[in-house]
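Coordinate analysis (summary)
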Amino acid sequence: MKVFLAGVAVGYVLGAKAGRERYDQIMRAYHSLIEHPALQSAAGVARQKIGEKLGRNNNRQPVS
């Protein structure tokens, strides 16, 4: 438990020293990555495959 708390403290101090600018830079990189068309396409394929494995049919028409 002490090692974990020490790790949290070190992470907090290093993060605080990096500052808001570094945080914003990391978040911009993260958002540009998750919005990249290739990643979106791969995520769509993965969702479809998982749906097939779970036996879900995404092409069903809604019941009215």
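Relevant structure appears above.
All figures in this text were calculated on a predicted structure; none of them were measured in a lab.

Scanning the protein from N- to C-terminus turns up two helices and zero strands. When the accessible surface of the protein is split by element, carbon and sulfur atoms take 61% of a total near 6,200 Å².

This brings us to helix α2 (residues 37-53). It helps to recall that an α-helix has 3.6 residues per turn; residues three or four apart then point in one direction. Across its 17 residues, α2 extends 24 Å between first and last C-alpha, which sits within 8% of the 24 Å expected from 1.5 Å per residue. The positive-phi residue at the C-terminal boundary of α2 is G55, with phi of around 80°.

Quick look at helix α1 (residues 2-34) now. Taking 1.5 Å per residue, 33 residues should reach 48 Å; α1 reaches only 35 Å between its end C-alpha atoms and comes up short. Its maximal kink placed at G19, α1 deviates by approximately 95°.

This brings us to a nonpolar patch on the surface. Together, M1, F4, L5 and V8 make up an exposed nonpolar region whose accessible area comes to about 470 Å². Looking at the secondary structure, you find F4 in helix α1. According to the relative accessible area criterion, F4 is exposed, its value standing at 55%.

Turning to the pattern of salt bridges, a few remarks are in order. Applying the stated criterion across every chain, the model contains one salt bridge. A salt bridge links D24 to R20; the shortest N-O distance between them is 3.3 Å. With D24 and R20 both in helix α1, this residue pair falls four residues apart, about one helical turn.

Quick notes on the rules
The written sequence of each chain sets the order in which its residues are numbered from 1. Whole-chain, interface and lining totals are the exception, using all residues; otherwise, since this is a predicted model, local features are given only for residues with pLDDT of at least 70 and side-chain atom pairs are given and counted only at 80 or more. Working from all heavy atoms in the structure, the side-chain values ignore hydrogens and water. For the purposes of this entry, the term helix denotes a DSSP run of H or I that reaches at least four residues, the term strand denotes a run of E that reaches at least two, and both are numbered from the N terminus. For the area figures, the Shrake-Rupley method with a 1.4 Å probe applies, and any residue is considered shielded solely by the protein chains shown. Helix span is expected to be 1.5 Å times the residue number reduced by one. At any given residue, the bend is defined as the angle formed between two axes, one fitted to the seven residues that end at that position and one fitted to the seven that begin there. Note on patches: the residues involved have over 30% relative accessible area and no salt bridge, like charges join within 9 Å, and the nonpolar side chains Val, Leu, Ile, Met, Phe, Trp and Tyr join within 5 Å. Every case where a carboxyl oxygen of Asp or Glu lies within 4 Å of a side-chain nitrogen of Lys or Arg is listed as a salt bridge. Remark: exposure states derive from per-residue accessible area (1.4 Å probe, protein chains only) relative to the maximum for the residue type, with buried under 20%, exposed over 50%, and partly exposed in between.

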